[in-house]
Amino acid sequence: MDLMPLLSTLTGASIGIAATLIADRSRWRREEARHALEVRRAAYGEYASALKDAGEEIRAVALGDHRSESARDAAVREVFRGTGLHTASEQL
């Protein structure tokens, strides 16, 4: 019995399977990297938006008419709670 055709077939099949596995792994890594980039972009966008909103509202508090410093402090704290800045920073 000649084993050469059998060994050639097994070698070819092994090479084909290995190449397919390497290609699939490479494709999976690219997709994971792309997904991670999308998630980061969304988180950065949410944080930048919350930061801008907080800045605008703090400016409004600074320009507003608050009779005492404690009232101004309370208004600023409420701005931070209301804009979701802490939540966005935690997502980063």
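Just above, that's the structure.
My aim in this report is to walk through the structure given alongside it, one point at a time. (Residues numbered from 1 in each chain as written. Predicted model: local features only at pLDDT ≥ 70, side-chain atom pairs only at ≥ 80, totals over all residues. Heavy atoms only, no water.)

Section: the overall build of the protein chain
Of the regular secondary structure elements, the protein chain holds three helices and zero strands. When the elements of the protein chain are put in sequence order from the N terminus, they spell out α-α-α. Taking 12 Å as the expected radius of gyration for a compact globule of 92 residues, we find that the protein chain reaches 29 Å, considerably beyond that expectation. Principal-axis analysis of the C-alpha atoms places the extent of the protein chain at approximately 100 × 15 × 10 Å. The buried share of the protein chain, taken over its 92 residues, is 10%. (Helix = DSSP H or I, 4+ residues; strand = E, 2+ residues; numbered from the N terminus. Rg over C-alpha atoms; globule rule 2.2 N^0.38 Å. Buried < 20%, exposed > 50% of the residue type's maximum accessible area, 1.4 Å probe, protein only.)

Some words on the environment of R77
Following the sequence through the fold, R77 ends up in helix α2 (residues 69-83). Look at R77 and you get partly exposed, because its relative accessible area is 45%. Considering only alpha carbons, one finds R77 and W28, 49 residues apart in sequence, at a separation of 44 Å.

Points about the packing of helix α1 (residues 4-63) against α2
Packing of α1 against α2 leaves a shortest axis separation of 9 Å and a crossing angle of 160 degrees. Judged on the interaxial angle alone, α2 and α1 are roughly antiparallel. In the crossing of α1 with α2, the sense of the turn from one axis to the other is right-handed. Contacts between α1 and α2 involve A50, D53, A54, E57, I58 and V61 from the first element and R72, A75, V76, V79, F80 and T83 from the second. When the residues that make up the contact of α1 with α2 are grouped by side-chain class, the tally is eight nonpolar, one polar and three charged. (Axes fitted to C-alpha atoms, helices over the stretch in contact; angles between N-to-C directions. Parallel < 35°, antiparallel > 145°, perpendicular 65-115°, else oblique. Left-handed = near helix turned anticlockwise from the far one by under 90°. Contact = heavy atoms within 4.5 Å. Nonpolar A, V, L, I, M, F, W, Y, C, P; charged D, E, K, R; others polar.)

Here we look at the pattern of salt bridges
With the rule as written, the count across this model stands at three salt bridges. Among the salt bridges present, the one from R27 reaches D24, with a minimum N-O distance of 2.8 Å. With R27 and D24 both in helix α1 and three residues apart, this pair spans about one turn of that helix. Close ionic contact of E78 with R81 constitutes a salt bridge, the shortest N to O distance being 3.8 Å. Of this pair, E78 and R81 both sit in helix α2, three residues apart, roughly one helical turn. (Salt bridge = Lys/Arg side-chain N within 4 Å of Asp/Glu carboxyl O.)

Here we look at the nonpolar core
Listed in full, the seven residues of the largest apolar core are A50, A54, V61, A75, V79, L85 and A88. When contributions to this core are tallied by element, the ones reaching two or more residues are α1, α2 and α3 (85-91). At three residues, the largest contribution of residues to this core is made by α1. In this view, A88 contacts E46, Y47 and A50; residues no more than four positions away in its chain are not counted. (Core = buried A, V, L, I, M, F, W, Y, C linked by side-chain atoms within 4.5 Å.)

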